[in-house]
Amino acid sequence: MEYEYIRLEKKGAAAIVTIDRPEALNALNLDTLLELDHCFIDLGEDEEVAVVILTGAGEKSFVAGADISHMQDLSVIEANRFARFGHKVLKTIEELPQPVIAAVNGFALGGGCEIAISCDIRYAAENAKFGQPEVNLGVIPGFGGTQRLPRLIGKGRANELLFSGDIIDAAEACRIGLVNRVFPQQELLEKCLGLAGRIASRGPLAVRLCKEAVNNGMEMDLARACRYEADLFGLCFASDEQGEGMLAFLEKRVPEFKKK
Ligand code: CO8
């Protein structure tokens, strides 16, 4: 499929998806969401891709939210449908078999903050800004902000951002656990690619099972989640990967993992 609002590029084992609507600070309209959905479904099937990096075009904005001009005249039914489709796309990203790193290179507001939160790891540029300003528009977040944000940073801190619509800088976002690390803008992609490279060199099945264990386990009570982890741990022993990883350790060499 030819994309109009996103770009897909591959660098080694990493795929870089860039949301590319700089004229609207990369705001998410329906077509952009449709393209993201299609692209991430394809990437999930792509055995050559070990890690995906999601970023925005330019140096000013990651994603400045859902497209307000698209939402302005929606009916109740259409708004509900738009929000549901947004949820579907973010779920596709969240449940992608491979890890997804958000390279937050500027504004991550509203739907932009929500799409970053649907990724597994967030690295931010020093100029990045985060917030859920929907209450300024007379609406609530519709792409999971009231749900994923409190799960990520805790209810009290999430409520403060959600009720006030305050915008916070990258350092504050890092302090409250909304982003993992902050880098100068020029280093952001390189740092994300560095992390992607380290992840890609590890046991590919083990990395995927870690993601499944964390995501699914967090929806269970601790006892069930630990049993689930034990099941996945056992599953590792059905793969060549565990044999090679442990043998390499005992032979004091770097393991040579096959692609998934
Ligand atoms: N939607 C559409 N266009 C946008 C958006 C947006 N979210 N953000 C920026 N733009 C456009 C501007 O309209 C402007 O276009 P033009 O040049 O044609 O006037 C262009 O991008 C540049 O923006 P600014 O001139 O405003 O740039 P500034 O540097 O002055 O300001 C800001 C940057 C602070 C990011 C400012 O643009 C802003 O406040 N944007 C809106 C941020 C926002 O409120 N985001 C949340 C949107 S709501 C949302 O995401 C809900 C998600 C769930 C939806 C559920 C479905 C029903």
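Our subject is the structure listed above.
How each quantity is defined
Residues numbered from 1 in each chain as written. Predicted model: local features only at pLDDT ≥ 70, side-chain atom pairs only at ≥ 80, totals over all residues. Heavy atoms only, no water. Helix = DSSP H or I, 4+ residues; strand = E, 2+ residues; numbered from the N terminus. Rg over C-alpha atoms; globule rule 2.2 N^0.38 Å. Contact = heavy atoms within 4.5 Å. Patch = residues over 30% accessible without salt bridge, like charges linked within 9 Å, V, L, I, M, F, W, Y side chains within 5 Å. Areas by Shrake-Rupley, 256 points an atom, 1.4 Å probe, with all protein chains shown as cover. Salt bridge = Lys/Arg side-chain N within 4 Å of Asp/Glu carboxyl O. Axes fitted to C-alpha atoms, helices over the stretch in contact; angles between N-to-C directions. Parallel < 35°, antiparallel > 145°, perpendicular 65-115°, else oblique. Left-handed = near helix turned anticlockwise from the far one by under 90°. Near = heavy atom within 4 Å. Polar contact = N/O pair within 3.5 Å; in protein donor to acceptor, adjacent residues only side chain to side chain. Nonpolar A, V, L, I, M, F, W, Y, C, P; charged D, E, K, R; others polar. Core = buried A, V, L, I, M, F, W, Y, C linked by side-chain atoms within 4.5 Å. Buried < 20%, exposed > 50% of the residue type's maximum accessible area, 1.4 Å probe, protein only.

### Some points on the overall build of the protein chain
Helices and strands together make up the secondary structure of the protein chain, namely 11 helices and 10 strands. Rg of the C-alpha trace for the protein chain: 19 Å, near the compact-globule value of 18 Å for 260 residues, within the 12% margin. Viewed in the frame of its principal axes, the protein chain has a C-alpha envelope of about 60 × 40 × 35 Å. Look at the contacts in the protein chain between residues 6 or more apart in sequence, and 70% of them connect residues 24 or more apart.

### Looking at a nonpolar patch on the surface
On the surface, a cluster of nonpolar side chains totalling about 260 Å² of accessible area is made up of Ile 68, Leu 137 and Val 139. Note on placement: Ile 68 falls in helix α2 (residues 68-71).

### Focus on the packing of helix α9 (residues 204-217) against helix α10 (residues 222-236)
Axis separation between α9 and α10 bottoms out at 10 Å; the angle between their running directions is 165°. Of the possible angle classes, the one that applies to α9 and α10 is roughly antiparallel. In terms of crossing hand, the pair formed by α9 and α10 is right-handed. In contact with Leu 209, Glu 212, Ala 213, Asn 216 and Gly 217 of α9, α10 contributes Ala 225, Tyr 228, Leu 232, Leu 235 and Cys 236.

### As for the packing of helix α1 (residues 30-45) against helix α3 (residues 76-94)
Across the interface, α1 lies against α3 with an axial gap of 9 Å and an inter-helix angle of 30°. Considering their axes alone, α1 and α3 lie roughly parallel with respect to each other. Along this stretch, α1 crosses α3, giving a crossing that reads as left-handed. For the pair α1 and α3, the contacting residues are Leu 30, Leu 33, Leu 34, Leu 36, Asp 37, Phe 40 and Ile 41 in the first and Phe 82, Phe 85, Gly 86, Lys 88, Val 89, Thr 92 and Ile 93 in the second.

### Points about the side chain of Thr 55
Checked against the element boundaries, Thr 55 lands in strand β3 (residues 51-56). In this view, Thr 55 contacts Ile 16, Val 17, Thr 18, Ile 19, Phe 62, Ala 103 and Asn 105; residues no more than four positions away in its chain are not counted.

### Here we look at the site of the ligand
What surrounds the ligand is a group of 24 residues, the closest being Lys 60, Ala 64, Ala 66, Ile 68 and Gly 111. Within the contact set of the ligand, an oxygen atom lies 2.6 Å away from a side-chain nitrogen or oxygen of Lys 60. One of the backbone nitrogen or oxygen atoms of Ala 66 is found 2.8 Å away from an oxygen atom of the ligand. Elements supplying a minimum of two residues to the shell around the ligand: α2, α3, β6 (107-109) and α4 (111-117). Tallying contributions element by element places α3 first for the shell around the ligand, with three residues. The residue makeup of the shell around the ligand, split by class, is 15 nonpolar, four polar and five charged.

### What to know about the nonpolar core
Grouped together as the largest cluster of nonpolar side chains are 46 residues, with contacts concentrated most on Leu 36, Leu 54, Ile 115, Phe 130 and Leu 178. Aside from chain neighbours lying at most four places away, what touches Leu 54 is Val 17, Ile 19, Leu 36, Phe 40, Phe 62, Ile 93, Ile 101, Ala 102, Ala 103, Ile 115 and Cys 119. Core analysis: the second largest hydrophobic core is formed by 16 residues, Ile 101, Ala 103, Tyr 123 and Ala 196 among them.

Nothing here speaks to function; it is all geometry.
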